[in-house]
Amino acid sequence: AKSSGGDQHVFFNPVLTEAAEQRRHMESDLRSAIRNHEFVLFYQPVVDLVNQRLAGAEALIRWRHPTRGLVMPDSFIPLAEKTGLVIEMSLLMLDVACRQLLDWKNRGLDYVLSLNVSGRQIPDGLTPAKLQEVVQHYGISPTRLALEITEGVMLRDVDKSLQWLKAVHDLGFRVYLDDFGTGYSSLSYLKLFPVDTLKVDKSFVQDMCDDNNENTLVGAIIAMGRSLGLDTVAEGVELKSHLVALQRMGCHYAQGYYFSRPVPAEEFDAAASRITAL
Ligand code: C2E
Ligand code: CA
Ligand code: CA
Ligand code: CA
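Just so we're clear, the structure is a prediction, and the values are computed from it rather than from any experiment.

**Student:** Account for the pairing of strand S8 (residues 231-234), naming residues and giving values.
**Tutor:** In terms of strand pairing, strand S7 (residues 197-200) meets S8 through four bridges, oriented parallel. Paired with Leu198 across the bridge in S8 is Thr232. Bridge analysis of S8 against strand S9 (residues 253-254) gives two bridges, and the strand direction is parallel. Paired with Ala234 across the bridge in S9 is Ala254. Of the crossover connections in this fold, the one passing from S8 over helix H11 (residues 240-248) to the parallel S9 is right-handed.

Below you can see the structure in the form of structure tokens.
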């Protein structure tokens with residue numbers, strides 16, 4: 001709009017209005033989706049490269065939308081964050097995850113399941129007390145549940161995050177640093193935060209070339225992890241050549257389309273047995 005003083009309101013932007021409308025629509029859609037249990041967890045197998053076995057899975061949220069089909073997290077998590085609905089959502093997913101862990105436990109499977117935690121969920125949603133209450137309710141060990149957080153989330157409020165991390169870690173939950181290498185990782189933070197595992201971001205894994213050039217970056221992360229006593233999980237493993245390079249570099253765990261896409265709970269056993277046959 002031109003600088004026309006008090007008349008500015010008449011130059012409303014139809015595109016913006018439409019976007020705002022869409023957002024309101026999406027927000028009420030999100031609310032009803034929570035009520036109607038339209039959110040589900042898919043599970044992507046995580047492979048233990050050292051012991052050649054299935055280590056567990058990463059839980060990834062999906063929205064089974066009645067008309068739009070399967071909606072991926074990148075298109076609704078940001079709005080869920082902004083509106084605070086992510087808190088309610090994360091409590092529902094914590095419950096689903098723990099029921100999955102109980103199912104595995106009852107079948108003698110000691111898998112570790114990791115759950116993604118975003119900004120608003122700390123410390124208001126997944127409080128240490130809430131986490132403990134839910135694992136106790138299902139009678140599962142907190143060591144079976146890993147919480148995946150990014151540096152970005154931790155650095156938003158370092159004091160609060162540190163308090164939360166220490167508390168959940170002391171209770172026995174595992175903490176994974178997600179998307180490692182994409183942010184402002186500083187070694188001092190790594191030493192400060194009680195973290196068990198580094199997840200090497202898929203962009204680094206996929207940049208690895210066979211002629212060893214780019215491999216050094218992934219290798220450096222793995223070596224750094226080892227020197228700090230941390231495990232490493234490589235994500236986004238799509239090719240056999242990725243796997244071979246990671247194994248050579250001493251990476252402990254891997255996940256990616258090479259092994260399996262994230263699958264619904266009822267397909268997990270089939271995906272797992274395909275992997276053990278690899
Ligand atoms: P992320 O935690 O970094 O998850 C890894 C993403 O990479 C997932 O996308 C996964 O499906 C995808 N992926 C796995 N293997 C491969 C591969 O071999 N190649 C490629 N190209 N991609 C692969 P997805 O499921 O769409 O999730 C996107 C992001 O949404 C996640 O990134 C995470 O930040 C967020 N998210 C997912 N579930 C939850 C949740 O329950 N709560 C919260 N707060 N965030 C979630
Ligand atoms: Ca993750
Ligand atoms: Ca990641
Ligand atoms: Ca990510």
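**Student:** Can you explain the packing of aromatic side chains? Please cite residues and give values.
**Tutor:** Two measures describe an aromatic ring pair: the distance that separates the ring centres and the angle between the ring planes. Counting across every chain of the model gives nine aromatic pairs. Between Phe39 and Phe76 the ring centres are 5.4 Å apart and the planes differ by 40°, which places this aromatic pair in the tilted class. Here Phe39, found in strand S1 (residues 39-48), pairs with Phe76, found in the loop between strand S3 (69-71) and helix H2 (77-83); they are 37 residues apart in sequence, far enough to count as distant. Phe76 matches Phe39 in its accessibility class, with the two residues each being buried. Through pairs of rings, three or more aromatic residues link up here, namely Tyr43, Trp104, Tyr111 and Phe268. The lysine or arginine in question, Arg68, covers the ring of Trp63, its NZ or CZ lying 5.8 Å from the ring centre.

**Student:** Break down the coordination of the calcium ion (ligand 3) for me, citing the residues and quoting the values.
**Tutor:** The calcium ion (ligand 3) binds to the protein through Asp178 (OD), Asp179 (OD), Glu235 (OE) and Glu235 (OE), with metal-donor distances spanning 2.3 to 2.6 Å. Mapping the donors of the calcium ion (ligand 3) onto the primary sequence yields the spacing D-D-x55-E. Separating the calcium ion (ligand 3) from the calcium ion (ligand 2) is a gap of 3.9 Å, which Asp178 spans by donating to each of them. Of the two residues, Asp179 sits in strand S6 (residues 174-180) while Glu235 sits in the loop between S8 and H11, which places them 56 residues apart along the sequence. A relative accessible area of 27% means that Asp179 is categorised as partly exposed.

**Student:** An account of the pattern of salt bridges is requested, with residue identities and associated values reported.
**Tutor:** All chains considered together, the criterion is met by nine salt bridges. A salt bridge links Arg107 to Asp103; the nearest nitrogen and oxygen atoms lie 2.9 Å apart. Overall, the relative accessible area of 33% leaves Asp103 in the partly exposed class. For Glu133, the salt bridge goes to Lys130, with nearest N and O atoms at 3.4 Å. Linking Glu133 with Lys130, this pair stays in helix H5 (residues 128-138), spanning three residues, or about one helical turn.

**Student:** Describe in detail the pairing of S1, supporting the description with residues and values.
**Tutor:** S1 sits mainly inside the fold: nine of its 10 residues count as buried. Pairing between S1 and strand S2 (residues 53-65): 10 bridges, direction antiparallel. Bridge pairing in S2 links Gln44 to Glu58. Here S1 folds back onto S2, and the loop between the two strands holds four residues, one of which, Gln52, carries a positive phi near 50°. Sheet topology places S1 next to strand S10 (residues 263-264); two bridges connect them, and they run antiparallel. In the strand pairing of S10, Tyr43 is matched with Val263. For S1 and S9, the ladder comprises two bridges, and the chain directions are antiparallel. Paired with Asp48 across the bridge in S9 is Tyr253.

**Student:** Let's hear about H11: which residues, and what values?
**Tutor:** Within the sequence span of H11, burial applies to His242, Leu243, Ala245 and Leu246. Buried positions in H11, seen along its axis, are confined to an arc of 165° and lie on one side of it. In H11, the exposed residues that point more than 90 degrees away from the buried face are Lys240 and Arg248. Positive backbone phi, approximately 80°, marks Gly250, located one or two places after H11.

**Student:** Lay out the packing of helix H1 (residues 14-35) against helix H3 (residues 85-106) in plain terms, naming residues and giving numbers.
**Tutor:** Pairs of packed helices are described in terms of their axes, by the angle between the two and the distance that separates them. Two elements in contact, H1 and H3, have axes separated by 11 Å at closest approach and are oriented at 25°. When the axis of H1 is compared with that of H3, the two are roughly parallel. Relative to H3, the crossing made by H1 is left-handed. Each of Glu27, Leu30, Arg31 and Ile34 in H1 lies in contact with H3, whose residues at this interface are Leu85, Glu88, Met89 and Leu92. For the contact of H1 with H3, the per-class residue count stands at five nonpolar, no polar and three charged.

Calculation criteria
- Residues numbered from 1 in each chain as written.
- Chains lettered and ligands numbered in written order.
- Predicted model: local features only at pLDDT ≥ 70, side-chain atom pairs only at ≥ 80, totals over all residues.
- Heavy atoms only, no water.
- Pairing = 2+ DSSP bridges.
- Helix = DSSP H or I, 4+ residues; strand = E, 2+ residues; numbered from the N terminus.
- Right-handed = clockwise from strand over helix to strand, strands pointing away.
- Phe/Tyr/Trp six-rings, centres within 6.5 Å; stacked < 30°, edge-to-face > 60°.
- Buried < 20%, exposed > 50% of the residue type's maximum accessible area, 1.4 Å probe, protein only.
- Lys NZ or Arg CZ within 6 Å of the ring centre and 35° of its normal.
- Donors = N, O, S within 2.8 Å, 3.2 Å for Na, K, Ca; no water.
- Salt bridge = Lys/Arg side-chain N within 4 Å of Asp/Glu carboxyl O.
- Arc of directions from axis to C-beta.
- Axes fitted to C-alpha atoms, helices over the stretch in contact; angles between N-to-C directions.
- Parallel < 35°, antiparallel > 145°, perpendicular 65-115°, else oblique.
- Left-handed = near helix turned anticlockwise from the far one by under 90°.
- Contact = heavy atoms within 4.5 Å.
- Nonpolar A, V, L, I, M, F, W, Y, C, P; charged D, E, K, R; others polar.

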